[in-house]
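Per-entry structural report
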Amino acid sequence: MTTGPASSAQEARRALGNRLRDIRKAAGITIRQLGAETGQHFTRVSKIENGVQFPTDRDISAWCRVCAAVDQELDLVATLRAVDSAYLEYRRQSRAGMKRVLGAHTPERYQATKVFRIYEHNVIPGLFQTAEYTAAMLSFWIRFLETPNDLEEAVAVRMDRQRVLHRGGKRFVAVLEEQALRTWFGTAEVQAGQLGRLLELMSMPNISLGIIPLMTEREAVGSTGFWIFDDAMVALETPTAGIQVTQPAECALYARMFEVLKGAAVYGREARGLILQVLSELDE
């Protein structure tokens, strides 16, 4: 398992090289033959397959043509473009403050997206957060990452994003684990205000909110939260990096996982009941 953005990026390069090697071998072509057919030295072919050297779009196009794998070209090119840009180091971004740490959550991405699919296992999604909940959460990350303390500005940036909830032509389909309702950021009052906010959002016609109960029979468990922006990108966050997946085949896998997780969730009255139950426990 990789431990950080740099090592993850190298892993991704090697994975791309392995895929190209598999395509070549499946076609029954040697490294020397592929080099000759594509007009490059065979040692460069070897370096690409071993993740030492990066291919270009043209390399992949020629590779797929020679190996009769043109149907895989678009997917491979998407992977190529994502490898170096997929891992965004939080510490580097946050040197100018937490307001700079956006990852995939940029105004341009929000403007372009029509359907947001969101799965979170232990936190309320940013689009649904109250300012107090956001401030409590970001206070920790400012200390943890040792960033400039721009808490007010960072909260304002995240609250401004929420205007997208009221724009026409956009849908938000969210699935939360019940644990997300029970994970506190700040005081009990902050958590209660956040749960009340969820109840308000559930009345909006463009928002579908499902909750997976703690003790329920299910097919799968999501190992991390993820956001799907239409079918174009999947975004995940780790303590040190934001990961953006754009490879079509991989995005499709996340979409399939989202549908499985949706199947374990409850909606409407049952979902409200879970939220109200947690609220009653807070009062106690």
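Cut-offs used in this document
- Residues numbered from 1 in each chain as written.
- Predicted model: local features only at pLDDT ≥ 70, side-chain atom pairs only at ≥ 80, totals over all residues.
- Heavy atoms only, no water.
- Helix = DSSP H or I, 4+ residues; strand = E, 2+ residues; numbered from the N terminus.
- Buried < 20%, exposed > 50% of the residue type's maximum accessible area, 1.4 Å probe, protein only.
- Contact = heavy atoms within 4.5 Å.
- Areas by Shrake-Rupley, 256 points an atom, 1.4 Å probe, with all protein chains shown as cover.
- Core = buried A, V, L, I, M, F, W, Y, C linked by side-chain atoms within 4.5 Å.
- Pairing = 2+ DSSP bridges.
- Axes fitted to C-alpha atoms, helices over the stretch in contact; angles between N-to-C directions.
- Parallel < 35°, antiparallel > 145°, perpendicular 65-115°, else oblique.
- Left-handed = near helix turned anticlockwise from the far one by under 90°.
- Nonpolar A, V, L, I, M, F, W, Y, C, P; charged D, E, K, R; others polar.
- Salt bridge = Lys/Arg side-chain N within 4 Å of Asp/Glu carboxyl O.

A closer look at the overall build of the protein
Along the backbone of the protein there are 13 helices and seven strands. Here the protein, with 284 residues, has 48% of them falling under the buried criterion. Expressed as a percentage of contacts within the protein between residues at least 6 apart in sequence, the contacts between residues at least 24 apart total 75%. Of the accessible surface of the protein, which amounts to about 14,600 Å², a share of 53% is contributed by carbon and sulfur atoms.

What about the nonpolar core?
L127, F128, L198 and I275 are the most contacted members of the largest nonpolar core, which has 38 residues in total. I212, V245, F258 and A265 belong to the second largest nonpolar core, which has 17 residues in total.

Concerning the pairing of strand β5 (residues 226–229)
The alternating pattern of β5 places F226 and I228 and W227 and F229 on opposite faces, both of which are buried. Pairing of strand β2 (residues 115–120) with β5, which is carried by four bridges, proceeds in the antiparallel orientation. Bridge pairing links F116 to F229 in β5. In terms of strand pairing, β5 meets strand β6 (residues 233–237) through three bridges, oriented antiparallel. What sits directly across from I228, in β6, is V234. What sits between the antiparallel neighbours β5 and β6 is a turn of three residues, in which D230 has the positive phi angle 50°.

Remarks on the packing of helix α2 (residues 31–38) against helix α3 (residues 42–49)
As a packed pair, α2 and α3 sit with axes 8 Å apart at the nearest point and diverge in direction by 110°. When the interaxial angle is binned, α2 and α3 end up roughly perpendicular. Here α2 runs over α3; the crossing is right-handed. Of the residues in α3, those in contact with I31, R32, L34 and G35 of α2 are F42, V45, S46 and E49. Considering only residue class, the contact of α2 with α3 consists of four nonpolar, two polar and two charged.

Points about the pairing of strand β4 (residues 207–212)
Burial of β4 is extensive: five of the six residues sit out of reach of the surface. The pairing of strand β3 (residues 171–177) with β4 spans six bridges and is parallel. In the sheet register, L176 faces β4, and the bridge partner there is I211.

Section: the pattern of salt bridges
Applying the stated criterion across every chain, the model contains eleven salt bridges. For the salt bridge of R21 with E49, the shortest nitrogen-to-oxygen distance reads 3.6 Å. You can see R21 sitting in helix α1 (residues 5–26) and its partner E49 sitting in helix α3, a full 28 residues away along the chain. Taking relative accessible area as the criterion, R21 reaches 17% and is therefore assigned buried. Overall, the relative accessible area of 2% leaves E49 in the buried class. Measuring nitrogen to oxygen at the nearest pair gives 3.8 Å for the salt bridge that ties K262 to E259. Note that K262 and E259 are positioned in helix α12 (residues 248–263) at a spacing of three residues, about one turn of the helix. Using a relative accessible area of 26% as the deciding quantity, one classes K262 as partly exposed. Beyond isolated ion pairs, a larger network of salt bridges with shared partners links R21, R24 and E49.

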